[in-house]
Amino acid sequence: MAIQRPKGTQDIIPGTVEKWHYLEAHIRKICSEFGYQEIRTPVFESTELFQRGVGDTTDIVNKEMYTFLDKGQRSITLRPEMTASVCRAYVENKLFTQPQPVKLYYLGPMFRYENTQAGRFRQFHQFGAEVLGGEDPLVDAEVIQLIWEFYRRIGLQGLEVHINSVGCPVCRAEHRDRLHSYLQDRKAELCQDCQSRYERNPMRILDCKNRECQRITANVPTTLDTLCDSCREHFAKVQQYLRISGIQYRINPKLVRGLDYYQKTAFEVMAEGIGAQSAICGGGRYDGLVEEIGGPSTPGIGFAMGMERILAVLEKQRIDVDDETDHKVVVAALGDIAREKGFKLITELRQNGISAQMDLLGRGLKSQMKYADRVHARYVIIIGEEELNKNIAIIRDMKLGDQTEIAMDSVKSYIFNQINHSEAGI
Ligand code: HAM
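Okay, so let's go over this structure. Predicted, not measured: the structure shown is a model, and the values here were computed from it. (Residues numbered from 1 in each chain as written. Predicted model: local features only at pLDDT ≥ 70, side-chain atom pairs only at ≥ 80, totals over all residues. Heavy atoms only, no water.)

## Observations regarding the site of the ligand
- Not every one of the 27 residues close to the ligand is listed here, only the nearest: Glu81, Glu114, Phe121, Glu130 and Tyr262.
- A distance of 2.9 Å separates a nitrogen atom of the ligand from a polar side-chain atom of threonine 83.
- Relative to its unbound accessible area of 650 Å², the ligand is 96% covered by the protein chains.
- Only β6 (123-132), β10 (279-285) and β11 (300-306) provide two or more residues apiece to the shell around the ligand.
- Among the elements that take part in the shell around the ligand, β10 stands out by supplying six residues, more than any other. (Near = heavy atom within 4 Å. Polar contact = N/O pair within 3.5 Å; in protein donor to acceptor, adjacent residues only side chain to side chain. Areas by Shrake-Rupley, 256 points an atom, 1.4 Å probe, with all protein chains shown as cover. Helix = DSSP H or I, 4+ residues; strand = E, 2+ residues; numbered from the N terminus.)

Put into structure tokens, the structure is as follows:
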């Protein structure tokens, strides 16, 4: 039997990869405009980084990590997310000595051993950004603005930004107490996961998808009910800046996120019509994380969005993506001498930055024309026996459907002219 790819992974093949290029081009452009620089970190890290960073009460660390011992008996984990890695790199490369805040973005594969379903993979890709060294609420708003502007540019519509404040360790202690006393008598009715959350991280009960838990927690105290003055002020200011930048948001007091490092601002962007996995982006502030993994006390905030989910929304909303694979010129040549002439031509066209190719299989003229059509050639240069004898080539404009005879020596300049004109929109 033929070997198949592992469950929860995808091949990104031509025909689809152009959509990734489209997104990646937008990502690089917008990040550069907003002053973010790219960071690339290893795909695997010491397991301890995620245990300490993401938190050992989370599903990600408890159930979903690809962890193994390497040949040197070190515990290694394929990264399930990038925030912990970026913070580690910030400390390890002493980026705290650079002008603050440090604004970074990344693109790449992440790995989580999840139950697969539409929109949920075991290897998936994130575009994310992290700002380290800035505690002002303006940073929170800027990060959300970057996300919003990105979606606007790629043409996504009908998205909802949900925001919340999960407080800081001070006000969270009070929230924990209030939750405990609220749920004390009903603890046994909660699902198994929530019973353990009750002890270890009760805030996460608010996020449980179990119907019964949701019923029991319908009116529980939320973190917004217990925010300290500083967190309350911060949250109010974030909203003020969001209003200034014209971003519509919804306060969702039950949004607590699935990772332990968040403090104060937490947010998600939801999209309709792509099934249960509707969160296309998530993020928030993590002021204690850099210190947690051994660095100097540094505020941080960021987000990550699932590329596969964005592509699903693009598809759902039938948003057209430029097809940059269109090959502008295909040479259809028959016979040895014609092929040599053709090869010389495509060499010169390529040297001048024009996308050009020719038949590599020795096919007949008819199938070469079919091929040209399939690869969306704009111009086909036909050199058959008759053309060779007359020392000409036929140039067929596939878009307009007409063709011209051109002296062999002028073919190159003719193509240059045509392409320059069509690029100038003439
Ligand atoms: P997250 O919510 O775990 O946050 O993931 C962010 C986004 O990645 C999700 O909203 C979703 O679009 C996508 N995603 C997550 N898991 C999967 C999966 N199994 N299959 C497909 N897409 C998925 C984080 O990862 C944080 N590091 C975000 C962050 C950055 N917070 C602060 N800075």
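## Considering the packing of helix α1 (residues 17-34) against helix α5 (residues 137-154)
- Contact geometry of α1 with α5 gives a least axis separation of 10 Å together with a crossing angle of 140°. As summarised for this structure, α1 and α5 are arranged oblique, according to the angle between their axes. Classified by chirality, the crossing of α5 by α1 is right-handed. Between α1 and α5, the contacting residues are Tyr22, Leu23, His26, Ile27, Lys29, Ile30, Glu33 and Phe34 on the first element and Glu142, Gln145, Leu146, Glu149, Phe150, Arg153 and Ile154 on the second.
- For the contact of α1 with α5, the residue count by class is eight nonpolar, two polar and five charged. (Axes fitted to C-alpha atoms, helices over the stretch in contact; angles between N-to-C directions. Parallel < 35°, antiparallel > 145°, perpendicular 65-115°, else oblique. Left-handed = near helix turned anticlockwise from the far one by under 90°. Contact = heavy atoms within 4.5 Å. Nonpolar A, V, L, I, M, F, W, Y, C, P; charged D, E, K, R; others polar.)

## Some thoughts on unusual backbone geometry
- With an omega of -5°, the peptide bond between glutamine 100 and proline 101 qualifies as cis.
- Here proline 101 is to be found in the loop between α4 (83-92) and β5 (102-111).
- A positive phi angle, close to 65°, is found at glutamine 73, a residue other than glycine.
- Residue classification places glutamine 73 among the exposed residues on the basis of a relative accessible area of 57%.
- A positive phi angle is found at histidine 376, which is not glycine, with a value near 60°. (Buried < 20%, exposed > 50% of the residue type's maximum accessible area, 1.4 Å probe, protein only.)

## Considering the packing of α1 against helix α11 (residues 307-316)
- One way to put it is that α1 packs onto α11 with a least axis distance of 11 Å and a crossing angle of 110°. In terms of orientation, α1 lies roughly perpendicular with respect to α11. Between α1 and α11, the contacting residues are Lys19, Trp20, Tyr22, Leu23, Glu24 and Ile27 on the first element and Met307, Glu308, Ile310, Leu311, Leu314 and Glu315 on the second.
- In terms of residue class, the contact of α1 with α11 is made up of eight nonpolar, no polar and four charged.

## A few points about helix α7 (residues 192-200)
- Every buried residue of α7 is listed here: Cys194, Arg197 and Tyr198. Along the axis of α7, the buried residues cluster in a sector spanning 110°; they form a single face.
- Where the residues of α7 are buried, they touch α3 (59-63), α6 (169-183) and α8 (211-216). (Arc of directions from axis to C-beta.)

## Some points on the nonpolar core
- Core analysis: the biggest nonpolar cluster contains 50 residues, and Phe150, Tyr151, Leu156 and Phe303 have the highest contact counts within it.
- Element by element, the count of residues in this core is highest for α5, at nine residues.
- Ranked by size, the runner-up nonpolar core spans 47 residues in total, among them Phe121, Ile216, Leu259 and Ala266. (Core = buried A, V, L, I, M, F, W, Y, C linked by side-chain atoms within 4.5 Å.)

## Some remarks on the side chain of arginine 257
- For arginine 257, the position within the fold is in the loop between β8 (249-251) and β9 (263-270).
- The exposure class assigned to arginine 257 is buried, which follows from its relative accessible area of 11%.
- Polar contacts involving the side chain of arginine 257 include one to the side chain of tyrosine 262, which spans 2.9 Å.
- Not counting residues within four places of it along the chain, the set of residues in contact with arginine 257 comprises Arg204, Asp207, Tyr262, Ala266, Phe267, Glu268, Gly282 and Gly283.

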